[in-house]
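# Examination of the molecular architecture
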Amino acid sequence: MLPLTTLSLYVSLLSPAAAGVLASPNLPIKLPISPAQGHRSSPSLISRNGNGNGFIRASVHAAHGAPRKLRQRQEDEGLKNQNLGTTYTIDIDIGTPPQTVTLILDTGSPDLWVNPQCETSGQEKYCNSFRQFDYTKSKTIQDTGAADILKYGKGNVTIEYVTDDVIIGSAKIKSQILGIGFESIDIPLGILGLSPSVSPDGQSPYPYLLDSMASQGIISSRAFSLDLRSIDNPSGAIIFGGVDLGKFSGSLAKVPMLDPSQTPSGVDRYWIVLSGVGMTYPDGEEVESEEIGVPVFLDSGGTLSRLPETIFQAIGDSFPGSQYDSESGFYVVDCAVAEQAGSVDFLFGSSTSANKKIRVPYGDFIWELQTGVCVVGVLPTDDEPVFGDSFLRAAYVVFDQDNRNLHLAQAANCGEQIVEIGSGQDAVPSSTGKCKDGSAGSTKTAGGGGLDVTATRAPTRTAGGSGPAVTNSDFGPGPAGTRVSTGGIGLPTGTGGGGGSEGGNGNDDDDSAASGLDVGVTAAAVLAGLNMLIVWLL
């Protein structure tokens, strides 16, 4: 236990204001990261009824260095497939006047934060290619007086919470709480989190972005649809409050989210039940497992999928010519396999509920880890199974937080037809996609059980020599982990700055909100060191 004299010493190093932050019982903790680049046009929010509810539309722009030409799209907020498919990002505007920042879109964490520390990001050059948010130039920023440390599957960040206006497309979310990063490790971009609260008690310590969009009447309910697109197409889309019928085939299958008590970690995420696994081979032969019941959650902030050891082995060993590399932990395949017509198939539901099969083409499931070195995009875990981008590229998913359902369909692209998500029990419309089903022609084996995903097996083929070099820099941040504090954060302290008005004098004097943030930098840094010391001493 930390001696009281030591604790007093840490507090005494701070100014009175900073010490108040440290001593506050309402300190929270969450996940995030940030940067920015380029400006977009400002499309309009389409209103579907008289009270302003609707969905957000914005144009899509190519990410810096994108190797292929982007098709221009409308009626959605653009996502950029950054860094050879390892992360998906979104551009938003923060502050007054607006500053554009580029953030990782993350369904595995709930917090919005900006300004990672590039020197310790593991990808310094990439991180520095994006602009940071200059909080001293915003006239509407307010310091909350609260700080926290957010930990992810990979990396962490120390942040100070502020409020400021956030613009997505043409929708302005007023006085949104977000984090300003002051210390971070292994995270090259800020994060826009869209998950439920990961606090142990399930309570949100403050209104997250999705909460604010619904409470301010921008969308009718806390729901959005996600279309990440394949690696070959460097852009996808997120639609807050809407569903695009031109981006999937077949029907949207409603799959209930699991209660945290039914999950391996007990943390509330977008958990659903995986009921089966299959393979469709290039010659059209299709095999499936017997029905299983494995909890998995959907995490757009994770590069790869991570599945139980026996499923990992069954999938990896089924790829043509795959070789298991014990050094890296991957199944390595010839990159030419990505051009073949096979798929990894995942089933959701059962004979008594909505049954949906998502086919992930080889080309989307295989990851080119280094030039000319390709691996199967799944790793083993028996702790928290997760579907990352290697799955989500092939799925069209509607995330309905209010009704605790996910709606799944096979991703496709045959134009645009957006319908609004309403409110209430049937907020997400029972829709069928406009696109044709492209799965015809398979020759499925009779019955399930053709693919054994329950037995531990030795790899059929192993790789000789040194395997692919893998570092933390190759992966997205993954899901939110722990937070130092669990209480709610207080209302803005009104320490100057914009005073909540777009037309105010803002930061014209030295006693601005930015000055309060400078104190908070010290508080946040000491808080980080103090908590690390506490953990060590305990």
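Here the structure is a predicted model, which means the values were calculated and not measured. (Residues numbered from 1 in each chain as written. Predicted model: local features only at pLDDT ≥ 70, side-chain atom pairs only at ≥ 80, totals over all residues. Heavy atoms only, no water.)

With that settled, consider the packing of aromatic side chains. Tallying each qualifying case throughout the model produces 20 aromatic pairs. Summarising the aromatic geometry, the rings of Phe312 and Tyr324 are spaced 6.3 Å apart at their centres and angled 75° between planes, so their arrangement reads as edge-to-face. Here Phe312 is found in helix H5 (residues 309-318), whereas its partner Tyr324 is found in strand S19 (residues 323-324), with twelve residues between them in sequence. Using a relative accessible area of 2% as the deciding quantity, one classes Phe312 as buried. Accessibility expressed as a relative area gives 22% for Tyr324, which makes it partly exposed. (Phe/Tyr/Trp six-rings, centres within 6.5 Å; stacked < 30°, edge-to-face > 60°. Helix = DSSP H or I, 4+ residues; strand = E, 2+ residues; numbered from the N terminus. Buried < 20%, exposed > 50% of the residue type's maximum accessible area, 1.4 Å probe, protein only.)

Attention now moves to the UniProt feature "active site" (unreviewed entry) in the protein. As annotated in UniProt, the feature "active site" (unreviewed entry) corresponds to Asp106 and Asp299 in the numbering used here. Of the residues just listed, which span 194 residues, no C-alpha pair is farther apart than 6.5 Å, and they cluster in one region. Tracing the chain through its elements places Asp106 in strand S5 (residues 99-106). Relative accessible area serves as the criterion here: at 0%, Asp106 is assigned to the buried category. Within the local environment of Asp106, its side chain forms a polar contact with the side chain of Ser109, the two groups lying 2.5 Å apart. For Asp299, the location among the structural elements is in the loop between strand S17 (294-298) and strand S18 (305-307). Among the residues examined, Asp299 registers a relative accessible area of 2% and is labelled buried. A distance of 3.0 Å separates a polar side-chain atom of Asp299 from the backbone nitrogen of Gly301. (UniProt positions renumbered as here; feature names shortened; annotations may be inferred. Polar contact = N/O pair within 3.5 Å; in protein donor to acceptor, adjacent residues only side chain to side chain.)

Time to look at the sheet that holds strand S24 (residues 373-376). Spatially, four strands are ordered S19-S20-S24-S23 in an open sheet, and the strand pairing comes out antiparallel. Of all the strands in the sheet, the pair left with one neighbour each is S19 and strand S23 (366-370). Across two bridges, S19 lies against strand S20 (residues 331-333) in antiparallel orientation. Within S20, the residue paired with Tyr324 across the bridge is Tyr331. The strands touched by H5 are S19, S20 and S24; relative to S20, the strand with the most contacts, the crossing angle is about 15°. (Pairing = 2+ DSSP bridges. Contact = heavy atoms within 4.5 Å. Axes fitted to C-alpha atoms, helices over the stretch in contact; angles between N-to-C directions.)

Scanning the model with the defined rule gives three disulfides in all. Here Cys118 connects covalently by a disulfide to Cys127, the sulfurs 2.0 Å from one another. Here Cys118 and Cys127 share a disulfide; its torsion about the S-S bond, -70°, makes the bridge left-handed. Accessibility expressed as a relative area gives 5% for Cys118, which makes it buried. Note on cysteine connectivity: Cys414 is disulfide-linked to Cys435, with sulfurs 2.2 Å apart. Of note, the bridge from Cys414 to Cys435 carries an S-S torsion of about -95° and is left-handed in sense. Here the residue Cys414 occupies a position in the loop between strand S28 (405-411) and strand S29 (418-420), and Cys435 occupies one in the loop between S29 and strand S30 (443-444), the gap between them amounting to 21 residues. For Cys414, a relative accessible area of 33% translates into the label partly exposed. (Disulfide = S-S within 2.5 Å.)

Let us look at the pairing of S17. Among the five residues in S17, five count as buried, and that is most of the element. Burial of S17 is two-sided: the residues Val294, Val296 and Leu298 facing one way and the residues Pro295 and Phe297 facing the other way are all buried. Two elements, S17 and strand S26 (residues 386-387), share two bridges in a ladder whose sense is parallel. Each residue of the ladder has a partner; that of Leu298, found in S26, is Phe387.

Within the largest apolar cluster, 77 residues are counted, with the highest numbers of intra-cluster contacts made by Ile315, Phe319 and Phe346. For this core, the leading source of residues is strand S9 (residues 171-185), giving five residues. Counting 16 residues, the second largest nonpolar core, distinct from the first, contains Trp113, Tyr126, Tyr206 and Tyr208. (Core = buried A, V, L, I, M, F, W, Y, C linked by side-chain atoms within 4.5 Å.)

On to the environment of Leu392. Following the sequence through the fold, Leu392 ends up in helix H7 (residues 389-392). With 18 residues separating them in the primary sequence, Leu392 and Gln410 have C-alpha atoms 9.9 Å apart. Discounting residues that sit within four places of it in the chain, Leu392 has contacts with Leu228, Leu298, Asp299, Ser300, Phe387 and Val397.

What follows deals with unusual backbone geometry. Cis geometry marks the peptide bond from Thr96 to Pro97, where omega comes out at 0°. Take Pro97: it is sitting in the loop between strand S4 (87-94) and S5. The backbone phi angle of Ser175 is positive, close to 50°, even though this residue is not glycine. Among the secondary structure elements, Ser175 is positioned in strand S9. What makes Ser175 partly exposed here is its relative accessible area of 49%.

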